[in-house]
Amino acid sequence: MSGKEGKFLKWSSIIATVGTTIIALTALITVFVTLNAWKVQREAARPYLSLRESPQVEVKEGVQFEFKFTNVGVHPAVNLSSQTLVFDQNLQNKPIHNERYDLVNEIPKDTSSSLVIALTPQEIGVTSEYVDPYYLVVILQYFDPLINKQYQQTLFLKWHGIKDGKGQAIVHVQVQEKDKITNYLKANQVKIE
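Conventions we followed
Residues numbered from 1 in each chain as written. Predicted model: local features only at pLDDT ≥ 70, side-chain atom pairs only at ≥ 80, totals over all residues. Heavy atoms only, no water. Helix = DSSP H or I, 4+ residues; strand = E, 2+ residues; numbered from the N terminus. Rg over C-alpha atoms; globule rule 2.2 N^0.38 Å. Buried < 20%, exposed > 50% of the residue type's maximum accessible area, 1.4 Å probe, protein only. Core = buried A, V, L, I, M, F, W, Y, C linked by side-chain atoms within 4.5 Å. Contact = heavy atoms within 4.5 Å. Pairing = 2+ DSSP bridges. Axes fitted to C-alpha atoms, helices over the stretch in contact; angles between N-to-C directions. Salt bridge = Lys/Arg side-chain N within 4 Å of Asp/Glu carboxyl O. Phe/Tyr/Trp six-rings, centres within 6.5 Å; stacked < 30°, edge-to-face > 60°. Lys NZ or Arg CZ within 6 Å of the ring centre and 35° of its normal.

A. Examining the overall build of the protein chain more closely. Secondary structure assignment for the protein chain yields 3 helices and 11 strands. In sequence order, the secondary structure elements of the protein chain are arranged as α-β-β-β-β-β-β-α-β-β-β-β-β-α. The C-alpha radius of gyration computed for the protein chain amounts to 28 Å, which surpasses the reference 16 Å derived for 193 residues by more than 25%, pointing to a less compact arrangement than a globule. Along the first, second and third principal axes, the C-alpha set of the protein chain runs to 110 × 35 × 25 Å. Among the 193 residues that make up the protein chain, the fraction classed as buried is 33%.

Next comes the structure, spelled out in structure tokens:
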């Protein structure tokens, strides 16, 4: 073998090695991108509970709030657990309501489930045609059986009380109010399960 043939074989071997390395790296990058896209797609299909309509307020011998949550995700939600807290807007007193509810039925895609909070006249202080505003915190925990993962959602809401004997609307709180509520919960050592 001449020197030229040896150099040619050496260079062709180097080129083949570099080409193989590039192909292997490309394959690894493709696998990485595919796995990440699959994880994102899987997470996007998770169950997600949403309020499709405004919560209902009924004033009769106390107050009753009804929330209708709908699973807008693709996967079903199971083992739904909710913790509800109600406390006055001045954030000075302990919560008047701190209850936990568990639902064992599966909530498939586009299926709704109701959560009702009933407060007695003694709890809410219904003595006249007027009741001060209250904050409501609803913590939802549920499980996705298809990807074996637990999720939690927390809703921070404000009920504008009773005016002229009529129950007012429930709305989402503003960012500043959320911070005050979070500090209130910490200061009162309210355990969120």
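B. Representation of the nonpolar core in the model. Counting 26 residues, the largest nonpolar core has Phe65, Phe67, Phe69, Leu136, Val138 and Trp159 as its most contacted members. For this core, the elements supplying multiple residues, two or more each, are β3 (63-71), β4 (78-88), β6 (112-119), β7 (134-144) and β8 (149-159). Those residues in contact with Phe67, other than ones at most four positions away along the chain, are Leu51, Pro55, Ser113, Ser114, Leu115, Ile117, Leu136, Val138, Leu157 and Ile170. Ranked by size, the runner-up nonpolar core spans 12 residues in total, among them Leu85, Ile139, Phe156 and Val190.

C. Molecular detail of the sheet that holds strand β5 (residues 97-103). The strand order across the open sheet built from 5 strands is β5-β4-β7-β8-β11, with neighbouring strands paired in antiparallel fashion. A strand with exactly one partner marks an edge of an open sheet, and here the two such strands are β5 and β11 (170-172). Strand-to-strand twist of the sheet, defined as the mean angle between neighbouring strand axes without regard to direction, takes the value 25°. By the bridge criterion, 7 bridges tie β4 to β5 in an arrangement that is antiparallel. Each residue of the ladder has a partner; that of Leu85, found in β5, is Asn98.

D. The pattern of salt bridges, seen in detail. Within this structure, the stated rule accounts for 4 salt bridges. Note that Arg52 and Asp110 form a salt bridge whose closest N and O atoms lie 3.5 Å from each other. Of this pair, Arg52 sits in the loop between β1 (49-51) and β2 (56-59) while Asp110 is found in the loop between β5 and β6, placing the two residues 58 residues apart along the sequence. The partner of Glu177 in a salt bridge is Lys158, and the shortest N-O contact between them spans 3.2 Å. Taken together, the residues span a long stretch of sequence, with Glu177 in helix α3 (residues 175-187) and Lys158 in strand β8 at a distance of 19 residues. As far as the burial class goes, Glu177 and Lys158 line up, both buried.

E. Region of interest: the packing of aromatic side chains. The tally for this structure, following the rule as stated, stands at 6 aromatic pairs. Seen in terms of ring centroids, Phe87 and Tyr135 are 6.0 Å apart; in terms of plane orientation they differ by 50°. Their pairing is tilted. Highlighted residues: Phe87 in strand β4 and Tyr135 in strand β7, separated in sequence by 48 residues. Residue classification places Phe87 among the buried residues on the basis of a relative accessible area of 0%. In textbook terms, an aromatic cluster arises when at least three aromatic residues are bridged by ring pairs, as seen for Phe65, Tyr134 and Trp159. Arg46 extends its terminal NZ or CZ atom over the ring of Tyr151, reaching a point 3.8 Å from the ring centre.

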